[in-house]
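# Chains, contacts and geometry: an overview
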Amino acid sequence: MATYEIRPLQLKILEILQAVDKTCKEHNLRYYLTAGTMLGAVRHKGFIPWDDDADIAMPRPDYEALIANASQWLPKQYELICAENDNLYPLPFAKVQDAQTTMIERAHLKYLGGVYIDIFPLDGMPDSKISQWWHFFRYQYYKRINYFVYRDPYKHGHGLACVLPLLIQKVYSKENIRHRLRKLQTKYDFDKSHLIVDHDDGLKGILPKDVIGTPTPILFENIELLGVEHPDKYLSQKYGDYRTIPPHDDQHQHNFFYLDLDKPYSDFDESNIEHSI
């Protein structure tokens, strides 16, 4: 169980959502609240009470435009980070983070940043089930390789556990695996496809493009943001009976390793960890 107060963190995340919403509207970029954030908007009119992150998704052309221009378009304290602009960033999707805060997600991860929202690209998918299966077989393979490429090989000591990550890091570079993942993600054009996907959801995330439709206003914490056009279809596919609140034992927070909402991550001192959450 997390020991930090969740509501101040949620409010920081909400500020990032508002900044991204404003930027997207100013520059005619499409985005959608997705995953637990869309669920929270529908079921709770805001954050799921125990949720301590936020997710949006953007069609690939809009996602790429935001990456290319974020440093000019976003307010100064917010940074868009992704594998395309940070060689140390280990994920195949982007985040917008608040540089005036500090967060370390897990003790064994070296990446240091601020409180963030996740931004997932939406890509096209073929209609053929066989093509879909083969696509995700390769994607999951390279995604697993990507994990070992970025992992500290000595995370579990200097025994046999070192062998696989060390071997993979000899065969694949970060640039190589990033190129392979991106090539797969962008193989099918979003705007020309009937089916679309957030690759992070895997095969179960494939859905007709008209389900997300046109970005549609929805209230989130009494603020108008943009969600999917047909939330019931979207949430039913993703969660099944999404209106039923799960039992307490299934209500999970991230329990971030280190969190400071008042200090920029650029000033982080490792000695502060002993005074952390």
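As shown above, the structure is provided for reference.
Every value quoted in this text rests on a predicted model; they were computed, and no experiment measured them.

With that out of the way, let us pick up the overall build of the chain. Within the chain, the regular secondary structure consists of eight helices and 11 strands. Here the chain has a C-alpha radius of gyration of 19 Å; the compact-globule value for 277 residues is 19 Å, and the two agree. The principal-axis extent of the C-alpha atoms belonging to the chain is close to 50 × 45 × 45 Å. Scored against the burial criterion, the 277 residues of the chain give a buried share of 48%. Long-range pairs, those at least 24 residues apart, make up 66% of the contacts in the chain between residues at least 6 apart in sequence. Carbon and sulfur atoms make up 54% of the accessible area of the chain, which totals about 14,200 Å². Where the 32 positive side-chain charges of the chain centre and where its 39 negative ones centre are 7 Å apart.

So, on to the side chain of D86. If you trace the backbone, D86 turns up in the loop between strand 3 (78–81) and strand 4 (94–98). No salt bridge is formed by the buried D86; the nearest opposite charge belongs to R178, separated by 8.0 Å. Here the side chain of D86 touches L88 through a polar contact of 2.9 Å, landing on its backbone nitrogen.

Of all five residues that make up strand 4, five are buried, and the element is covered over most of its length. Of the two faces of strand 4, both are covered, the one formed by A94, V96 and D98 as well as the one formed by K95 and Q97. The sheet contact formed by strand 3 and strand 4 spans four bridges and is antiparallel. Of the residues in strand 4, the one forming a bridge with E79 is Q97.

Bringing the pairing of strand 9 (residues 216–220) into the picture now. Bridge count between strand 9 and strand 10 (residues 223–227): five bridges; the pairing is antiparallel. Bridging from a neighbouring strand, P217 pairs with L226 of strand 10. Taken together, strand 9 and the strand that follows it, strand 10, pair antiparallel across an intervening segment of two residues, in which E221 is found at a positive phi of about 55 degrees.

In the structure shown here, the tally under the stated rule is nine aromatic pairs. With a centroid separation of 5.1 Å and an interplanar angle of 70 degrees, the aromatic rings of Y141 and Y142 are classed as edge-to-face. Owing to a relative accessible area of 40%, Y141 belongs among the partly exposed residues under this scheme. A relative accessible area of 16% places Y142 in the buried class. Here the aromatic rings of Y258 and F268 are separated by 5.1 Å at their centres, their planes lie at 70 degrees, and the arrangement is edge-to-face. With Y258 in strand 11 (residues 258–260) and F268 in the segment after strand 11, this residue pair connects regions lying 10 residues apart in the sequence. Aromatic ring contacts, followed pair by pair, group W133, W134 and F137 into a single cluster. One Lys or Arg, K95, reaches over the ring of Y116 and ends 3.6 Å from the middle of that ring. Residue placement shows K209 over the ring face of F190; its charged tip is 5.1 Å from the ring centre.

What follows covers the nonpolar core. Soluble globular proteins tend to pack their nonpolar side chains together in the buried interior. In this structure, L9, L17, L33, L80, V96, I117 and I119 are the most contacted members of the largest nonpolar core, which totals 62 residues. Residues in contact with L33, not counting those within four places in the same chain, are L17, M38, A41, D55, I56, I218, F220, L225, L226, G227 and V228. Residues F148, V149, Y172 and L184 belong to the second largest nonpolar core, which totals 16 residues.

Moving on, we come to the packing of helix 2 (residues 35–43) against helix 8 (residues 231–239). At a minimum axis separation of 11 Å, helix 2 and helix 8 run at an interaxial angle of 125 degrees. Taken together, the axes of helix 2 and helix 8 are oblique relative to one another. When the axes of helix 2 and helix 8 are compared, the crossing they make is left-handed. Facing A35, G36, M38, L39 and V42 of helix 2, the residues of helix 8 in contact are P231, Y234, L235, K238 and Y239. Considering only residue class, the contact of helix 2 with helix 8 consists of eight nonpolar, one polar and one charged.

Calculation criteria
The numbering scheme is per chain: residues are counted from 1 as the chain's sequence reads. Only residues with pLDDT of at least 70 get local features here, since the model is predicted, and only at 80 or more are side-chain atom pairs given and counted; chain-wide, interface and lining totals rely on the full set of residues. Note: side-chain values were computed over all heavy atoms of the structure, leaving out hydrogens and water. Each helix is a run of H or I in the DSSP string that is no shorter than four residues. Each strand is a run of E no shorter than two, and both are numbered from the N terminus. Values of the radius of gyration come from C-alpha atoms, whereas the globule rule sets the reference at 2.2 Å times the count of residues to the power 0.38. The rule is simple: take the accessible area with a 1.4 Å probe, protein chains only, and divide by the maximum for that residue type; under 20% is buried, over 50% is exposed, in between is partly exposed. Contacts between residues were defined by any pair of non-hydrogen atoms, one from each residue, lying within 4.5 Å. Surface accessibility in these figures is a Shrake-Rupley result with a 1.4 Å probe; residues are shielded only by whichever protein chains are displayed. Lys and Arg are tallied as positive, Asp and Glu as negative. Neither His nor the chain termini are counted. Charged groups are reduced to one reference atom each: NZ for lysine, CZ for arginine, CG for aspartic acid, CD for glutamic acid. Salt bridges are defined as contacts in which a side-chain nitrogen from Lys or Arg sits within 4 Å of a carboxyl oxygen from Asp or Glu. Side-chain atoms alone can form a polar contact between residues adjacent in sequence; in general such a contact is a pair of N or O atoms within 3.5 Å, and within protein one must be able to donate a hydrogen while the other accepts it. Any two strands with at least two DSSP-identified bridges between them are counted as paired. Side-chain rings of Phe, Tyr and Trp (the six-membered ring for Trp) are treated as a pair once their centres are within 6.5 Å; stacked means planes under 30 degrees apart, edge-to-face means over 60, and tilted covers the remaining angles. We count a charge as sitting over a ring when the NZ of a lysine or the CZ of an arginine lies within 6 Å of the ring centre and within 35 degrees of the ring normal. In these notes, a set of buried Ala, Val, Leu, Ile, Met, Phe, Trp, Tyr and Cys residues joined through side-chain atoms within 4.5 Å is what counts as a nonpolar core. Geometry is summarised by axes, namely lines fitted to C-alpha atoms with helices restricted to the contacting stretch, and by angles between N-to-C directions that run from 0 to 180 degrees. For classification, angles of less than 35 degrees are called roughly parallel, those exceeding 145 degrees roughly antiparallel, those between 65 and 115 degrees roughly perpendicular, and all remaining angles oblique. Helix crossings get a hand from a simple test, with the near helix turned counterclockwise from the far one by less than a right angle marking a left-handed crossing and a clockwise turn marking a right-handed one. The nonpolar class holds Ala, Val, Leu, Ile, Met, Phe, Trp, Tyr, Cys and Pro. Asp, Glu, Lys and Arg form the charged class, and all remaining residues, Gly among them, are polar.

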